Amino acid sequence: MQILDALIIAGVVPDLTHVVVTEMEGGYWNEVARLDLPDGRSLVAKRFTTGSDNPYFPIDPDLEARATALLAGSGIGADPVAYLPEHRLLVTEYLDGPTWDGDVEAMGRLLRRVHAVAPRGLRSLAVGTRAGMGHARQILDWGGARLA
């Protein structure tokens, strides 16, 4: 099913004749499109790929939807609009603005705000030598690396 068909059926966007769709760049694995609606709003629809088992950068639409919901209203990221897990599709508001310009201090302030949010329902990362080495081994095994 196409992205727009799923969004129309779910009632997220009106019929196709009034939506302008622009494919966005930057997604390496996933399909991302900007949707300009007749009411003046712009949304981003992200359809997650299937079949990736990369332990380094896992593709998990459920976790990304939870993270987006945790940050809702914070001004840190785009607010969620809809999540259609059966279609692996997350829709957020579109945020217009510049990409990062190298301002490390501004990035530090943003990261401080992100880290102040309690990560309820998100995956835990490997912490400590034993856990870190175990995760590194998973990544190396996944990539087929052989180390002495």
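A brief look at the structure comes next. What you are looking at is a predicted structure, and each value in this text was computed from that prediction instead of being measured.

### Regarding the sheet that holds strand β3 (residues 42–47)
Part 1 of the argument: Strand order in the open sheet formed by five strands is β1-β2-β3-β5-β4, with antiparallel pairing between adjacent strands. Of all the strands in the sheet, just β1 (20–23) and β4 (80–84) have a single pairing partner and so form its edges. Averaged over neighbouring strand pairs, the angle between their axes works out to 20 degrees when direction is ignored.
Part 2 of the argument: Inspection of the sheet shows strand β2 (residues 31–36) paired to β3 by six bridges, in the antiparallel sense. Each bridged residue has a counterpart across the sheet, and for R34 the counterpart in β3 is V44.
Part 3 of the argument: Each of β3, β4 and β5 (89–93) touches helix α2 (residues 61–70); the most contacted strand, β4, lies at about 160 degrees to it.

### With respect to helix α4 (residues 129–143)
Part 1 of the argument: In this model, α4 (15 residues) spans 21 Å end to end at C-alpha, consistent with the 21 Å of a helix rising 1.5 Å per residue.
Part 2 of the argument: Directly after α4, the chain includes G144, whose backbone phi takes a positive value near 75 degrees.

### Digging into the layout of surface pockets
Part 1 of the argument: By volume, the largest pocket is sized at about 1,000 Å³.
Part 2 of the argument: Along the walls of the largest pocket sit 26 residues, with L63, A67, V114, L122 and R123 positioned nearest its centre.
Part 3 of the argument: Of all the secondary structure elements, the ones that give two or more residues to the lining of the largest pocket are α2 and α3 (104–115).
Part 4 of the argument: Tallied by class, the residues present in the lining of the largest pocket amount to 18 nonpolar, four polar and four charged.
Part 5 of the argument: What the second largest pocket holds in volume is close to 630 Å³.
Part 6 of the argument: M24, V32, V44, K46 and E64 are, among the 17 residues lining the second largest pocket, the residues nearest its centre.

Quick notes on the rules
Residues numbered from 1 in each chain as written. Predicted model: local features only at pLDDT ≥ 70, side-chain atom pairs only at ≥ 80, totals over all residues. Heavy atoms only, no water. Pairing = 2+ DSSP bridges. Helix = DSSP H or I, 4+ residues; strand = E, 2+ residues; numbered from the N terminus. Axes fitted to C-alpha atoms, helices over the stretch in contact; angles between N-to-C directions. Contact = heavy atoms within 4.5 Å. Expected span 1.5 Å × (residues − 1). 1 Å grid on protein atoms, 1.4 Å probe; cavity = no way out; pocket = protein on both sides within 12 Å on 5 of 7 lines; lining within 4 Å. Points joined across faces, edges and corners; volume = space filled by probe spheres on them. Nonpolar A, V, L, I, M, F, W, Y, C, P; charged D, E, K, R; others polar.

So, to be careful, I would describe these as geometric facts and stop short of saying anything about function.
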